[in-house]
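A look at the structure
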Amino acid sequence: MQVHILGLKQFLILLQKYNFLSFYLLNPRKNQMKAKVSIIMGSTSDLPVMEKAAKVLNDFKIPFEINALSAHRTPEQVEKFAKNAKENGIQAIIAGAGMAAHLPGVIAAMTSIPVIGVPIKASLDGMDALLSIAQMPPGIPVATVGINGAMNAGILAAQILAVGDENLQEAVIEFKEGLKEKIVKANEELSTVKYDYKTN
């Protein structure tokens, strides 16, 4: 009798081929990860801005999800998302929108999870979005970053989660120290710039 010895990966691929296993069993890391932060944008055209938040979360190894939902065009989906976010394990929400940027505020009105708003520059240099997000009524706060400030939104989300996560807290501290080192190095490089009347 001829015996074939298969590696584990080959074995799982063979079983998957015959529908015995799902994709997620073949990708256990993806199966185990559950999003802790949700990145929401009003349109996929906002992705070039919002992907900066995604990069930050990825660098901090924070599981996240990205969705496009519109407060005006898909209000039912926004409501479903907001009301189920806590149950789904989301601990912070980053919501970006431009123009009449109601998305972050609408989400904040329907959840107790912290919402970070990213005003996106689409018209009026982004000032319309900034004011729409920042000027929330009492009792419905949205932590608002600068126009197109998705990177800061990602960092703020990391800091929110780090309150209950010692390892993440250390990573945030290390990141901040790295920023300091960059400035110190940049300042040192300035000393090599020569002008006739430069005294340092």
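Coordinates for the structure precede this section.
Notes on the structure follow. (Residues numbered from 1 in each chain as written. Predicted model: local features only at pLDDT ≥ 70, side-chain atom pairs only at ≥ 80, totals over all residues. Heavy atoms only, no water.)

1. Concerning the sheet that holds strand 3 (residues 92–98)
- Read from one edge of the open sheet, five strands run 2-1-3-4-5, paired in parallel fashion. The two strands at the open ends of the sheet, each matched to only one other strand, are strand 2 (64–68) and strand 5 (143–144).
- Here five bridges tie strand 1 (residues 37–41) to strand 3, and the two strands are oriented parallel to one another. Directly across from methionine 41, in strand 3, lies its bridge partner glycine 96.
- Contacts from helix 7 (residues 127–134) reach strand 3, strand 4 (115–120) and strand 5 within the one sheet, and its direction differs from that of strand 4 by about 160 degrees. (Pairing = 2+ DSSP bridges. Helix = DSSP H or I, 4+ residues; strand = E, 2+ residues; numbered from the N terminus. Contact = heavy atoms within 4.5 Å. Axes fitted to C-alpha atoms, helices over the stretch in contact; angles between N-to-C directions.)

2. Considerations on the pairing of strand 4
- Most of strand 4 is tucked away, with six of its six residues classed as buried.
- Residues Val115, Gly117 and Pro119 line one face of strand 4 and the alternating positions Ile116, Val118 and Ile120 line the opposite face, and both faces are buried.
- As paired strands, strand 3 and strand 4 are joined by six bridges and run parallel to one another. Across the sheet, residue glycine 98 finds its bridge partner in strand 4, namely isoleucine 120.
- You can see the chain leave strand 3, run along helix 6 (residues 103–109) and come back into strand 4, and the turn it takes is right-handed.
- Bridge analysis of strand 4 against strand 5 gives two bridges, and the strand direction is parallel. Each bridged residue has a counterpart across the sheet, and for glycine 117 the counterpart in strand 5 is threonine 144. (Buried < 20%, exposed > 50% of the residue type's maximum accessible area, 1.4 Å probe, protein only. Right-handed = clockwise from strand over helix to strand, strands pointing away.)

3. Focus: the environment of alanine 108
- On the secondary structure map, alanine 108 appears in helix 6.
- If we skip the residues at most four places from it in the chain, alanine 108 touches Val115, Ile140, Pro141 and Val142.

4. Regarding a negative patch on the surface
- A cluster of acidic residues, Glu166, Glu170, Glu174 and Glu181, forms a negative patch at the surface.
- Take glutamate 170: it is sitting in helix 9 (residues 166–190). (Patch = residues over 30% accessible without salt bridge, like charges linked within 9 Å, V, L, I, M, F, W, Y side chains within 5 Å. Areas by Shrake-Rupley, 256 points an atom, 1.4 Å probe, with all protein chains shown as cover. Salt bridge = Lys/Arg side-chain N within 4 Å of Asp/Glu carboxyl O. Lys, Arg positive; Asp, Glu negative; His and termini not counted. Charge placed at Lys NZ, Arg CZ, Asp CG, Glu CD.)

Keep in mind that these numbers describe shape and distance, not what the molecule does.
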